[in-house]
Amino acid sequence: RYVPLYFITGELDGDKMSRNGRDFDRYLTRPHYDVLIVEFIGRGQEHFYDEIHRLFTWMELHQRQFIQPEFSCVSMRPFDNFFWCLEVGGFPERSVVLPLAWPAPSGTRPATTEYRKYVENRLGIKTGAVQATLWLSPDWVDLNRPLEITVNGRTRNFQVAPSVEVLLEDARTRADRLHPFWARLELETGNR
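So, here's what we can say about the structure. Note that this is a predicted model, so its numbers are computed, not measured. (Residues numbered from 1 in each chain as written. Predicted model: local features only at pLDDT ≥ 70, side-chain atom pairs only at ≥ 80, totals over all residues. Heavy atoms only, no water.)

**Focus on the environment of P4**
And then number 1: With respect to the element layout, P4 can be found in the segment before strand 1 (5–10).
And then number 2: Judged by relative accessible area, which is 32%, P4 ranks as partly exposed.
And then number 3: For the pair formed by P4 and L36, sequence separation is 32 residues and the distance between their alpha carbons is 8.3 Å.
And then number 4: Apart from the residues within four sequence positions on either side, P4 is in contact with D34, W58 and H62. (Helix = DSSP H or I, 4+ residues; strand = E, 2+ residues; numbered from the N terminus. Buried < 20%, exposed > 50% of the residue type's maximum accessible area, 1.4 Å probe, protein only. Contact = heavy atoms within 4.5 Å.)

**Quick look at the sheet that holds strand 11 (residues 183–188)**
And then number 1: With respect to topology, four strands assemble into an open sheet ordered 4-5-8-11, the strand pairing being antiparallel. The outermost strands of the open sheet, each flanked by one partner alone, are strand 4 (82–83) and strand 11.
And then number 2: Two strands pair when backbone bridges link them, and strand 4 and strand 5 (residues 86–89) are joined in this way by two bridges, in the antiparallel orientation. Residue F82 lies in a different strand from strand 5, and its bridge partner there is E87. (Pairing = 2+ DSSP bridges.)

**Notes on the layout of surface pockets**
And then number 1: A volume near 1,500 Å³ is recorded for the largest pocket.
And then number 2: As for the largest pocket, its lining consists of 36 residues, and the residues nearest its centre are R1, Y2, V3, C73 and V74.
And then number 3: Elements represented by at least two residues in the lining of the largest pocket include exactly helix 1 (16–29) and strand 3 (70–75).
And then number 4: Estimated volume of the second largest pocket: approximately 250 Å³.
And then number 5: For the second largest pocket, the lining is made up of 16 residues, of which R116, Y118, G124, I125 and K126 are closest to its centre.
And then number 6: Among the secondary structure elements, those contributing two or more residues to the lining of the second largest pocket are strand 3, strand 6 (111–118), strand 7 (122–127) and strand 9 (147–151).
And then number 7: Looking at the lining of the second largest pocket, the element that brings in the most residues is strand 7, giving five residues. (1 Å grid on protein atoms, 1.4 Å probe; cavity = no way out; pocket = protein on both sides within 12 Å on 5 of 7 lines; lining within 4 Å. Points joined across faces, edges and corners; volume = space filled by probe spheres on them.)

**Focus on unusual backbone geometry**
And then number 1: Across the junction of W102 and P103, the peptide omega takes the value 5 degrees, indicating a cis bond.
And then number 2: Examined against the element boundaries, P103 turns out to sit in the loop between strand 5 and strand 6.
And then number 3: In this model, E120 sits at a positive phi of 60 degrees, which is unusual for a non-glycine residue.
And then number 4: Positionally, E120 belongs in the loop between strand 6 and strand 7.
And then number 5: For E120, a relative accessible area of 57% puts it in the exposed group.
And then number 6: Backbone geometry places A175, a non-glycine residue, at a positive phi of 55 degrees.
And then number 7: Looking at where A175 falls in the secondary structure, it is placed in the loop between helix 3 (164–174) and strand 11.

**What about the environment of E70?**
And then number 1: Its place among the elements puts E70 in strand 3.
And then number 2: For the pair E70 and Y115, spaced 45 residues apart in sequence, the C-alpha separation works out to 5.3 Å.
And then number 3: Sequence-distant contacts of E70, that is, excluding residues within four places in its chain, are made with Y2, Y115 and R116.
And then number 4: Polar side-chain contacts of E70 include one of 3.0 Å to the side chain of R116. (Polar contact = N/O pair within 3.5 Å; in protein donor to acceptor, adjacent residues only side chain to side chain.)

Structure representation (structure tokens):
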């Protein structure tokens, strides 16, 4: 629900619409989902170059929201672990299914990660992961004041200092020149 989606397909591209119909219905019928599905009649599997101008017009209507005051995400893949300012690792084994092992075995449940920003430089995090890394910038919190973070019910205070090394490494790995992270905190989740 946090990411706008634009799907393009051709009518003659096999059974793509029927195989994806359940997911398309779910996206289109849920409130607050921003989804556009384009189906070209009489065309099959191709690159749809003539749609690129409409795609860019659609993109101009959207703006990436860098700061999320709260979010809840689920994942079943160990590499789907970076959500805005929070990176987690070490999901429980019962929550991990690699794409080649799909469909998931019975009893498998996705790992949930939740984040909330409160007033007065307070943050709350809930995760089933073993590791959690919080990436910080002046856009998210006041780096000049102590930061109170509650992780899985345990509250700790931190004094965060901006780091040139973190800033440069973040710019190198994410290539986001407009919103670099200035500091990083490794957090104890209490999970094993």
